[in-house]
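Chain by chain, the residues:
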Amino acid sequence: VRAGDFLIVSGQGGMLDGKRVEGGVDAETRQALANLSALLESEGAGLGDVVKTTCFLTDMENFTSFNEVYAAAFGSHRPARSTIGVASLPAGFLVEVEAWAYKPE
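Residues numbered from 1 in each chain as written. Predicted model: local features only at pLDDT ≥ 70, side-chain atom pairs only at ≥ 80, totals over all residues. Heavy atoms only, no water.

### Some points on helix α1 (residues 24–41)
Its 18 residues give α1 an end-to-end C-alpha distance of 26 Å, which sits within 8% of 26 Å, the value for a rise of 1.5 Å per residue. The set of residues buried in α1 consists of V25, A27, E28, T29, Q31, A32, L33, N35, L36, S37 and L40. (Helix = DSSP H or I, 4+ residues; strand = E, 2+ residues; numbered from the N terminus. Expected span 1.5 Å × (residues − 1). Buried < 20%, exposed > 50% of the residue type's maximum accessible area, 1.4 Å probe, protein only.)

Put into structure tokens, the structure is as follows:
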């Protein structure tokens, strides 16, 4: 959704071809970020334009693994981030990532 100069992307999980990817939190995080990246690219933006993410994990014990994949995807770019532990996520996801990107029209 575009709101002025911002693109707001709802929570993305590790889904590919209509199914949750196998391989645990690492695989799900990679796929969630790939899905996020693809949505941003469809609007002429990229991960480098992301200014804020909200990340949800069903088990905070997975934070270190999640964070390694997340940091690798964003490289040296570090958007503001909140990471929240939740009881469950849709489709049985272990992780979900939503984002705000700044991309003037």
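### Quick look at the nonpolar core
In summary, soluble globular proteins display a tendency toward joint burial of nonpolar side chains. Counting 18 residues, the largest nonpolar core has L36, L40, V50, F66 and V97 as its most contacted members. Those elements giving two or more residues to this core turn out to be β2 (6–12), α1, β5 (50–57), α2 (63–74) and β7 (95–102). If near-sequence neighbours (up to four positions away) are discounted, F66 is found in contact with V25, T29, C55, L57, R81, T83, V95 and V97. (Core = buried A, V, L, I, M, F, W, Y, C linked by side-chain atoms within 4.5 Å. Contact = heavy atoms within 4.5 Å.)

### Quick notes on the sheet that holds β7
Within the open sheet, the 5 strands sit side by side as β1-β2-β7-β5-β6. Their pairing is mixed. Of all the strands in the sheet, the pair left with one neighbour each is β1 (2–3) and β6 (80–85). Packed onto the sheet, α1 meets β2, β5 and β7 and runs at close to 150 degrees relative to β2. (Pairing = 2+ DSSP bridges. Axes fitted to C-alpha atoms, helices over the stretch in contact; angles between N-to-C directions.)

### Observations regarding the packing of α1 against α2
Viewed as axis vectors pointing N to C, α1 and α2 meet at an angle of 30 degrees, and their least axial separation amounts to 9 Å. As far as their axial angle goes, α2 and α1 are roughly parallel. Seen along the crossing, α1 lies across α2 with a hand that is right-handed. Residues V25, D26, T29, R30 and L33 of α1 lie in contact with α2, whose contacting residues are S65, F66, V69, Y70, A73 and F74. (Parallel < 35°, antiparallel > 145°, perpendicular 65-115°, else oblique. Left-handed = near helix turned anticlockwise from the far one by under 90°.)

### Overview of unusual backbone geometry
Residues other than glycine seldom take positive phi values, yet D17 does so here, at roughly 55 degrees. Within the secondary structure, D17 sits in the loop between β3 (15–16) and β4 (19–20). Exposure remark for D17: the relative accessible area of 73% places this residue in the exposed category. Phi at A91 takes a positive value of approximately 60 degrees, unusual for a residue other than glycine. Locating A91 in the fold gives a position in the loop between β6 and β7.

### Observations regarding the pairing of β6
Here 6 bridges tie β5 to β6, and the two strands are oriented parallel to one another. By the bridge assignment, T53 is partnered in β6 with R81. After leaving β5, the chain enters α2 and then returns to the sheet as β6, a path that is right-handed. (Right-handed = clockwise from strand over helix to strand, strands pointing away.)

### So, the pairing of β2
Alignment of β1 against β2, held across 2 bridges, turns out to be antiparallel. Bridging across to β2, A3 finds its partner in F6. From the end of β1 to the start of β2, which pair antiparallel, there are 2 residues, and G4 there has a positive phi angle of about 65 degrees. Judged from the 5 bridges that link them, β2 and β7 form a sheet pairing that is antiparallel. Bridge pairing in β7 places I8 opposite W100.

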